[in-house]
Amino acid sequence: MDNLIANATVSVIFSLLGFVLLFVGYKVLDLLTPTKLSDSIFAQGNMAAAVLAGSFIIGLALIIAQAVS
């Protein structure tokens, strides 16, 4: 039972670490683009910005998942 709790705790910590790294990575991408990505995607309906942000998030998530595991 103690092993289960320890493993669950470690899983939660790594999940939070991955989420924080993903959020920071997205903010860095947002700073590197000339406009705010969220405004381009939601207010203007820019599909290219949505594809850029989505592909960046997927790629970064794969890298973070491999680094954390």
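Remember, predicted model here, so these are calculated numbers, not experimental data. (Residues numbered from 1 in each chain as written. Predicted model: local features only at pLDDT ≥ 70, side-chain atom pairs only at ≥ 80, totals over all residues. Heavy atoms only, no water.)

Engineer: Honestly, the overall build of the protein in this entry has me stumped. Any pointers?
Structural biologist: A tally of regular secondary structure across the protein gives 3 helices and 0 strands. Ordered by position from N to C terminus, the α and β elements of the protein give α-α-α. In terms of overall size, the protein is more extended than a compact globule, its C-alpha atoms giving a radius of gyration of 16 Å where 69 residues would be expected to give roughly 11 Å. Taking the principal axes of the C-alpha coordinates as reference, the protein spans close to 50 × 20 × 15 Å. Counting over 69 residues, the protein shows a buried share of 19%. (Helix = DSSP H or I, 4+ residues; strand = E, 2+ residues; numbered from the N terminus. Rg over C-alpha atoms; globule rule 2.2 N^0.38 Å. Buried < 20%, exposed > 50% of the residue type's maximum accessible area, 1.4 Å probe, protein only.)

Engineer: Looking at this model, I keep getting lost on a nonpolar patch on the surface. Mind explaining?
Structural biologist: A cluster of nonpolar side chains, F19, V20, F23, V24, V28 and L32, forms an exposed patch at the surface whose accessible area comes to about 610 Å². Assignment of secondary structure puts F19 in helix 1 (residues 2–32). (Patch = residues over 30% accessible without salt bridge, like charges linked within 9 Å, V, L, I, M, F, W, Y side chains within 5 Å. Areas by Shrake-Rupley, 256 points an atom, 1.4 Å probe, with all protein chains shown as cover. Salt bridge = Lys/Arg side-chain N within 4 Å of Asp/Glu carboxyl O.)

Engineer: When you look at the side chain of D30 in this model, what are you seeing that I'm missing?
Structural biologist: Positionally, D30 belongs in helix 1. Of the side chains with opposite charge, K27 comes closest to the buried, unpaired D30, at an N-O distance of 4.5 Å. (Lys, Arg positive; Asp, Glu negative; His and termini not counted.)

Engineer: Would you take a moment to explain the nonpolar core for this structure?
Structural biologist: A general feature of soluble globular proteins is that nonpolar side chains tend to end up buried together. With 6 residues, the main nonpolar core is built from Y26, L29, L37, I41, A49 and A53. Elements represented by at least two residues in this core include exactly helix 1, helix 2 (37–43) and helix 3 (47–68). (Core = buried A, V, L, I, M, F, W, Y, C linked by side-chain atoms within 4.5 Å.)

Engineer: Please clarify how the confidence of the model for the protein should be interpreted in this entry.
Structural biologist: Detailed reading of the predicted coordinates is not advisable wherever pLDDT is low. Confidence in the prediction for the protein averages 90 pLDDT; 100% of positions are at 70 or higher. The weakest mean pLDDT in the protein belongs to helix 1 at 90; the strongest belongs to helix 2 at 92. (pLDDT = per-residue confidence, 0-100.)

Engineer: What am I meant to see in the side chain of S40 here?
Structural biologist: One can find S40 in helix 2. When near neighbours in sequence (up to four residues on either side) are disregarded, S40 contacts T35, G45, N46 and A49. (Contact = heavy atoms within 4.5 Å.)

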